[in-house]
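Read off the chains here:
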Amino acid sequence: MEKAVESLKNDLNSLRAGRANPSLLDGLTVDYYGTKTPLNQLANISAPEPRMILIQPYDKNAIQNIEKAIQQSDLGLNPNNDGSVVRLTIPELTEERREELVKLVKQKGEECKVAIRNIRRDANDALKEKEKGKEISEDESKREQDKIQKLTDEHISTVDEVLKAKNEEITSI
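One structure accompanies this document, and this report is about it. What you see is a predicted model; the values in this text were computed from it and never measured. (Residues numbered from 1 in each chain as written. Predicted model: local features only at pLDDT ≥ 70, side-chain atom pairs only at ≥ 80, totals over all residues. Heavy atoms only, no water.)

### Overview of the packing of helix α4 (residues 95-132) against helix α5 (residues 138-171)
Put simply, the rule is: Note on geometry: axes are lines fitted to C-alpha atoms, helical ones only across the stretch in contact, with angles between N-to-C directions running from 0 to 180 degrees. Secondary structure elements follow DSSP: runs of H or I of four or more residues count as helices, runs of E of two or more count as strands, with numbering from the N terminus. Should an angle fall under 35 degrees it is taken as roughly parallel, and over 145 as roughly antiparallel, whereas 65 to 115 is taken as roughly perpendicular and any remaining angle as oblique. Think of it as three bins: nonpolar holds Ala, Val, Leu, Ile, Met, Phe, Trp, Tyr, Cys and Pro, charged holds Asp, Glu, Lys and Arg, and polar takes everything else, Gly as well.
Running from N to C, α4 and α5 cross one another at 170°; their axes reach a closest spacing of 10 Å. Judged by the angle between their axes, α4 and α5 are roughly antiparallel. Grouping the amino acids of the contact of α4 with α5 by side-chain chemistry returns 12 nonpolar, nine polar and 10 charged.

### Describing the pairing of strand β3 (residues 43-49)
Let me state the cut-off plainly: Paired strands are those between which DSSP finds at least two bridges.
The sheet contact formed by β3 and strand β4 (residues 52-57) spans five bridges and is antiparallel. Following the sheet pairing, I45 is matched in β4 by I55. The antiparallel pairing of β3 with β4 creates a hairpin that spans two residues between the two strands.

### What about the pattern of salt bridges?
Defined as follows: Whenever a carboxyl oxygen of Asp or Glu lies within 4 Å of a side-chain nitrogen of Lys or Arg, that contact is scored as a salt bridge. Burial classes: relative accessible area under 20% of the type maximum marks a residue as buried, over 50% as exposed, and values in between as partly exposed (1.4 Å probe, protein chains only).
This model, assessed by the stated rule, comprises eight salt bridges. The salt bridge involving R87 is made with D82; its shortest N-O contact spans 3.0 Å. Classification of R87 as partly exposed rests on a relative accessible area of 32%. As a salt-bridge pair, D160 and K113 come within 2.6 Å of each other at their nearest N and O atoms. Of the two residues, D160 sits in helix α5 while K113 sits in helix α4, which places them 47 residues apart along the sequence. On the basis of relative accessible area, K113 is assigned to the buried category, the value being 11%. Linked through salt bridges whose partners overlap, the residues forming this network are E110, K113 and D160.

### Considerations on helix α1 (residues 2-13)
Cut-off, in case you're wondering: To estimate how far a helix should extend, the number of its residues minus one is multiplied by 1.5 Å. Relevant arc is that of directions from the helix axis to the C-beta atoms, nothing else.
End to end, α1 covers 17 Å across 12 residues, agreeing with the expected 16 Å (1.5 Å per residue, within 8%). Within α1, the full set of buried residues consists of A4, V5, L8 and L12. Looking straight down α1, one finds its buried side chains confined to an arc of 100°; they lie on one side. Exposed residues pointing more than 90 degrees away from the buried face of α1 are listed as E2, K3 and N10.

### Some remarks on unusual backbone geometry
With phi around 55°, Y33 is a residue other than glycine that occupies positive phi space. Residue position: Y33 is located in the loop between β1 (29-32) and β2 (35-38). The exposure class assigned to Y33 is exposed, which follows from its relative accessible area of 61%. For K134, which is not glycine, the phi dihedral falls at a positive 60°. Tracing the backbone through its elements, the reader meets K134 in the loop between α4 and α5. Since its relative accessible area comes to 74%, K134 is described here as exposed.

### Things to note about helix α3 (residues 63-72)
Among the residues of α3, those classed as buried are I63, I66, E67, A69 and I70. On an axial view of α3, the arc spanned by its buried residues comes to 165°, and they lie on one face. For α3, exposure combined with an orientation more than 90 degrees from the buried face picks out Q64, Q71 and Q72.

### Some details on the sheet that holds β3
Heads up, the rule is: Note on contacts: a residue pair qualifies if any of its non-hydrogen atoms lie within 4.5 Å across the two residues.
With respect to topology, four strands assemble into an open sheet ordered β3-β4-β6-β5, the strand pairing being antiparallel. Whereas interior strands pair on both sides, the edge strands pair on one side only; in this sheet they are β3 and β5 (79-81). Each strand axis lies, on average, 25° off the axis of its neighbour in the sheet, ignoring direction. Two strands pair when backbone bridges link them, and β4 and strand β6 (residues 86-89) are joined in this way by four bridges, in the antiparallel orientation. Residue I55 lies in a different strand from β6, and its bridge partner there is V86. Across the face of the sheet, α3 comes into contact with β3, β4, β5 and β6 while running at roughly 165° to β5.

What follows is the structure in structure tokens.
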């Protein structure tokens, strides 16, 4: 369940919410001499200004490939290259795009909640199997199922908090 929540947080960090954040480029891979390589292994990524990401490649020959990878990604950003660094200017979000992002955040949140509930179901099934095999008593099984339900509720409320924070970040102008 913890991993599901962490995965959600990582997914949400890669969503563009109007501010420049180097984690926007975390999942991006670049074709570097025929090998798909994560961008953060090829370059130093920083956000010197609130609306700009600066990518300084360790190898200047990789600039064209980095530009190409950014253009082909679904980030919707246009890279500017001056020969030694690549600059990404983060545009202001439109109201329509904000609504799309809020829907996407909700969808990712629901997926995370479903994953947590699946984990709960698997744990409860394992307990019922042990109960059938007379490994644990009915009372013990019930107690453990209650603990599992409490954990599930805690993690789902954590997901709700994360979603609320991300929605506020997206909708704030």
